[in-house]
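# Coordinate analysis (summary)
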Amino acid sequence: MALIAFGLIAAVVILSALFVIAARNPVHSVLWLILAFFSSAGLMVLIGAEFLAMLLIVVYVGAVAVLFLFVVMMLDVDFVELKQGSLGYWPFALLIGVILIAELALVWSASGSLTFDTFDPSPGAETNTEAIGAVMYTQYLLLFQLAGLILLVAMIGAIVLTLRHRPNVKRQNVSAQTGRRRADATELKDPTPGQGI
Amino acid sequence: MSNAIESLGSLWGPLLVLGQIGLFTLVLLLSIAFLLLLDRKIWAGVMMRKGPNVVGPFGLLQSFADFGKFLLKEIVIPAGANKFVFIFAPILTCTLAFAAWAAIPVAPGLEGGTSWVISDLNVGVLYLFAISSLGVYGIIMGGWASNSKYPFLGALRSAAQMVSYEVSIGFVIITVILMVGSMNLSDIVNNQAGGLQNWHAFSFQNFPLIVVMFPMFVIFFISALAETNRPPFDLPEAESELVAGYQVEYGSTPYLLFMLGEYLNIVLMCAMMTILFLGGWHGPVAIGANAAGSMPPLLLSLAGLFWFMLKILFLFFLFAMVKAIVPRYRYDQLMRLGWKIFLPTSLAAVLVVAGYVTYFGVQS
């Protein structure tokens, strides 16, 4: 049963990943990418890593892919023109593919005993969540902090690149606006007829 | 994992799950029909109108008449629309809204310590959060596939709005997870047993935390309004600016699915607030272990279901009242509220609750 589910979900992942690069419409590409993310979350549920699966959906599908979609929809990029010369790169693509497959084979043969049946998603704990929580802030504290630092640098970089100071923009000062009383805003005048103020 | 399936008999498990799914779907659809009417009636009442009152006694059958009308209309697909995505978007919205209910525990199970839920996930809270964060795709796909300006603008607004408010919802959920120490929804509900004072919104057992938790409840409520595109945050479909936002080109059954998904999401948010903050199926007064032990378990289950539905109904009433009495926000004000007020407040709350849990421990 688990094998059938694995076969189905893995097929969906591979097919949707193929369609990501095959689709002519860039928005369709992103939608296929979302399906690929979603199905890989299904694979993670299958091996018992439910915490990672949910995080994959929350972070990648729920936030990152939305931004992808946002950008692709807004940008007016001519993807057909962009794809014109891409066929010339196939030797590099082949090389990278071969390297990836070789690495996977190496890991698989080196680990030896790691199969679908012997894989333990939550070593030394009852659930996947507890297993991750136990090592994340202790054993891997440095790596965790490092990842956070990298993200912070990326964020600051993005802000610095896009920040522009425009001097003549009207901004709303909310506290000043809500702090306004009638006496500050209006003035009662008693104009004499024929003379004005 | 203990769940209702095991407590009711393990032999016909899959059949039972199917039956439960059917039951949940039926009950949800029926309640949505009447909640829609309630929404319109409350809105009308605040405006001193009568509201729908023609079809059936007190207009009770109005939703069913509308349903028939939507089904019989012709589906119009605009020229230049992306046909598949156009039809797929409302289906996705509706499916996701139903899928989330698989993890909601609605009542205590027949055996002690169990709960009535289709699937008692260990990461139930995360599942709900993930499903509700997927809801944005229905809207953004529908808006894009319509090949029209207003729907597209509505979809963009909606995407930005939902992503922004998800952040503060996530932090609010983390405060509750910290207090319970589990992401299982049944554990979260059972942590609040023993009456009104133990509900997470008040949390008297960890006394000073009420200063944090009650504001968190309010933030969750307001963020839920924004997440479900309800007034005062219904900018994606602001009729004075965008006609009806992403729904402009939709009619007939696809529109019905969008509307159904929207209301299902509202009820889901009410259920989430009930589970996270208002004690789930636990009543406001504890009846004591002796009294509970002498009662038949079925009665306790039904009582739990009653309290759960009553709380959802109360929260839905609040949603409807907010729609009737609060004017719509401007888009920049909406973003300011989300990023400059809710995000820092909820982040600070996570720090405070985490510190409290670490140094004083939680009494549950």
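Structure's up top.
Predicted model, so just to flag it, every value in this text is computed and none were measured.

Judged by side-chain charge, R164, R166 and R171 of chain A together with R336 and K340 of chain B come together as a positively charged surface patch. Mapped onto the elements, R171 of chain A comes out in the loop between α7 (141–162) and α8 (174–178). Residue classification places R171 of chain A among the exposed residues on the basis of a relative accessible area of 68%.

A few words on the nonpolar core. Residues and elements named next belong to chain B. Formed by 119 residues in total, the largest nonpolar core has its most connected members in W101, I104, Y137, I173, F220 and F277. At 17 residues, the largest contribution of residues to this core is made by helix α10 (residues 252–277). Once residues lying within four places of it in the same chain are set aside, the contact partners of W101 are F24, L28, L264, V267, L268, A271 and I312.

To continue, consider the layout of surface pockets. With a probe scaled to a water molecule rolled over the atoms, the places where space remains empty come into view. Considered as a void within the structure, the largest pocket measures approximately 2600 Å³ in volume. Along the wall of the largest pocket there are 50 residues; nearest its centre are F51, L55 and Y137 of chain A together with L126 and I174 of chain B. For the lining of the largest pocket, the secondary-structure elements that each account for two or more residues are α3 (50–74), α6 (128–136) and α7 of chain A together with α5 (124–145), α6 (149–180), α7 (185–190) and α13 (331–359) of chain B. For the lining of the largest pocket, the element with the most residues is α6 of chain B, which contributes 9 residues. In the lining of the largest pocket, the residues fall into 33 nonpolar, 12 polar and 5 charged. The volume enclosed by the second largest pocket comes to roughly 1000 Å³. Where the lining of the second largest pocket is concerned, the elements lending two or more residues are α2 (13–46), α3 (62–72) and α10 of chain B. With 8 residues, the single largest contributor to the lining of the second largest pocket is α2 of chain B. Grouping the amino acids of the lining of the second largest pocket by side-chain chemistry returns 21 nonpolar, 3 polar and 11 charged.

Turning our attention to the packing of helix α8 (residues 210–227) of chain B against α10 of chain B. Residue and element names in this part refer to chain B. Their axes nearest at 10 Å, the elements α8 and α10 cross at an angle of 165 degrees. By the angle between their directions, the pair α8 and α10 is classed as roughly antiparallel. Here the hand of the crossing between α8 and α10 comes out right-handed. On α10, the residues that touch M213, M216, F217, F220, F221, A224 and E227 of α8 are M269, M272, M273, L276 and F277.

Rules used in this analysis
- Residues numbered from 1 in each chain as written.
- Chains lettered and ligands numbered in written order.
- Predicted model: local features only at pLDDT ≥ 70, side-chain atom pairs only at ≥ 80, totals over all residues.
- Heavy atoms only, no water.
- Patch = residues over 30% accessible without salt bridge, like charges linked within 9 Å, V, L, I, M, F, W, Y side chains within 5 Å.
- Areas by Shrake-Rupley, 256 points an atom, 1.4 Å probe, with all protein chains shown as cover.
- Salt bridge = Lys/Arg side-chain N within 4 Å of Asp/Glu carboxyl O.
- Lys, Arg positive; Asp, Glu negative; His and termini not counted.
- Charge placed at Lys NZ, Arg CZ, Asp CG, Glu CD.
- Helix = DSSP H or I, 4+ residues; strand = E, 2+ residues; numbered from the N terminus.
- Buried < 20%, exposed > 50% of the residue type's maximum accessible area, 1.4 Å probe, protein only.
- Core = buried A, V, L, I, M, F, W, Y, C linked by side-chain atoms within 4.5 Å.
- Contact = heavy atoms within 4.5 Å.
- 1 Å grid on protein atoms, 1.4 Å probe; cavity = no way out; pocket = protein on both sides within 12 Å on 5 of 7 lines; lining within 4 Å.
- Points joined across faces, edges and corners; volume = space filled by probe spheres on them.
- Nonpolar A, V, L, I, M, F, W, Y, C, P; charged D, E, K, R; others polar.
- Axes fitted to C-alpha atoms, helices over the stretch in contact; angles between N-to-C directions.
- Parallel < 35°, antiparallel > 145°, perpendicular 65-115°, else oblique.
- Left-handed = near helix turned anticlockwise from the far one by under 90°.

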